[in-house]
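Listed below, chain by chain, are the residues.
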Amino acid sequence: MATRYDLGREELTSLLVEVAGKVPRYRVDQIWSGLYEQMTDPAEWTSLPLGLRETLTEHLPMALTPVTESVSDDGSTIKFLWELDGGSRIETVLMIYRDRATVCVSSQAGCAMACGFCATGQAGFTRHLSVGEITEQVIRATVRARSVDRRVSNIVFMGMGEPMANEARVWGSVERIHTDLGLSARHITISTVGVLPGIRALSARPLPVNLAVSLHAANDELRDELVPINTRYPINDLIDTCADYLKVRNRRISFEWAMIDGVNDRDSDARELAALCRRLTPAAHVNLIPLNPTPGYPTKGSPMARVQRFRDLLEEFGANATVRWNRGTDIDAACGQLAAGQPVTVGISRSRGISPQ
Ligand code: SAH
């Protein structure tokens with residue numbers, strides 16, 4: 001059965017005809033405002049007749065059952081663990097900053113991309129999320145932000161899963177977030193490991209969302225090890241596809257780079273990375289994230305001095321870079337740590353030669 005935020009306006013109208021007979025158009029408007037403005041349960045939509053409220057409660061079930069909520073950084077980072085129909089679990093993170101509040105959403109339960117340093121990748125793939133399951137994460141986080149008088153301003157598809165392996169449903173939720181929740185597409189970022197058909201499909205979509213690419217290595221030999229999908233979609237094709245994306249969407253692309261001690265933090269890595277950035281116009285911006293610890297990966301994040309030096313080198317070689325300080329590491333809410341409580345195999349390493357020599 002479709003869940004509360006799966007249905008578009010027309011689908012909702014058809015559902016109403018089926019379960020409540022013909023309903024005047026202003027009722028649909030009231031329901032829509034209950035869903036996307038009040039964000040409350042049908043029982044609270046008192047402008048509707050009681051019978052209709054009861055029918056809606058029955059036919060518009062929520063998709064996410066709360067399991068736990070963990071709080072860190074003095075209350076400014078909140079991680080939600082949800083259970084889905086069928087029993088799989090996913091996580092959502094709300095990050096409240098001085099000038100904005102960002103929701104990091106999951107697009108799949110688990111992930112099939114198998115990046116060895118990422119906890120979600122270590123746990124493997126369970127299933128795609130529906131439009132409603134993705135959208136409801138944003139709704140729930142928005143309600144939580146409102147409880148501390150804050151408004152959600154940014155959405156990042158950087159939670160569990162590979163959004164571009166589930167492009168159509170991710171796009172369905174982007175449209176909801178943009179049209180029904182009123183967030184500008186410029187405040188929505190989709191992060192991908194580099195699933196090229198997904199990036200191409202995204203180029204053909206009408207809204208100018210931001211694209212982030214999880215690069216982590218600037219030559220195929222190393223990237224094949226760190227990001228296994230690279231064997232299918234190698235760096236050269238990835239950069240060409242990014243260039244095509246830029247032709248239709250003139251938004252700067254960012255490259256994510258998790259800094260792994262002795263693996264991808266050498267001077268030569270900075271030089272190669274800067275050269276890739278410069279192939280795009282406007283040049284790609286690099287986000288440096290010191291690697292967060294995960295149970296299944298032996299290598300550590302680069303020391304802080306190395307991260308700073310790498311950033312300076314990138315600038316010297318003509319690329320812009322920002323160091324992203326992590327949030328929520330103590331509650332496993334930081335980049336690459338979302339595993340939804342799933343056991344990950346300790347000590348697995350799909351890659352060879354990744355430990356520091
Ligand atoms: N699958 C998509 C969306 C996930 S975004 C993607 O890969 O882009 C999560 C980001 O955190 C990605 O850039 C990912 O490579 C990065 N990441 C994964 N594990 C990490 C870790 N242990 N430390 C820091 N960043 C990590």
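Relevant structure appears above.
Let me begin by describing the structure that accompanies this report. (Residues numbered from 1 in each chain as written. Predicted model: local features only at pLDDT ≥ 70, side-chain atom pairs only at ≥ 80, totals over all residues. Heavy atoms only, no water.)

1. Observations concerning the nonpolar core
- One finds I155, F157, F255, L273 and L314 to be the most contacted residues of the largest nonpolar core, which totals 113 residues.
- Ranked by residue count, the leading element in this core is helix α9 (residues 235–248), at 6 residues.
- Viewed by domain, this core spans two of them, domain 1 (9–59) and domain 2 (65–331), each represented by three or more residues.
- Excluding residues that lie within four positions of it along the chain, F157 makes contacts with V105, I134, P163, V170, S173, V174, I177, I188, T189, I190 and S191. (Core = buried A, V, L, I, M, F, W, Y, C linked by side-chain atoms within 4.5 Å. Buried < 20%, exposed > 50% of the residue type's maximum accessible area, 1.4 Å probe, protein only. Helix = DSSP H or I, 4+ residues; strand = E, 2+ residues; numbered from the N terminus. Domains from an automatic or database assignment. Contact = heavy atoms within 4.5 Å.)

2. Let's talk about the sheet that holds strand β12 (residues 320–323)
- Pairing in this open sheet of 10 strands is mixed, and the strands run β1-β2-β3-β4-β7-β8-β9-β10-β11-β12 from one edge to the other. Strand pairing shows two members of the sheet lacking a second neighbour, β1 (65–72) and β12, which therefore form its edges. The mean angle between the axes of side-by-side strands here comes to 20 degrees, regardless of whether they run parallel or antiparallel.
- Taken together, the 3 bridges between strand β4 (residues 101–104) and strand β7 (residues 154–157) define a ladder with parallel strand orientation. The residue of β7 that forms the bridge with V103 is I155.
- Against the sheet, helix α5 (residues 131–146) makes contact with β1, β2 (77–83), β3 (89–96), β4 and β7, and its axis sits at roughly 40 degrees relative to β3, the strand it touches most.
- In the packing of helix α10 (residues 267–278) onto the sheet, the strands contacted are β10 (254–259) and β11 (285–290), and the crossing angle to β10 comes to about 165 degrees. (Pairing = 2+ DSSP bridges. Axes fitted to C-alpha atoms, helices over the stretch in contact; angles between N-to-C directions.)

3. Notes on the pattern of salt bridges
- Counted by the stated rule, this structure contains 17 salt bridges.
- In this structure, the salt-bridge partner of E83 is R89, at a minimum N-O distance of 3.1 Å.
- Here D267 and R306 are joined by a salt bridge, their closest N and O atoms 2.6 Å apart. You can see D267 sitting in helix α10 and its partner R306 sitting in helix α11 (residues 304–316), a full 39 residues away along the chain. (Salt bridge = Lys/Arg side-chain N within 4 Å of Asp/Glu carboxyl O.)

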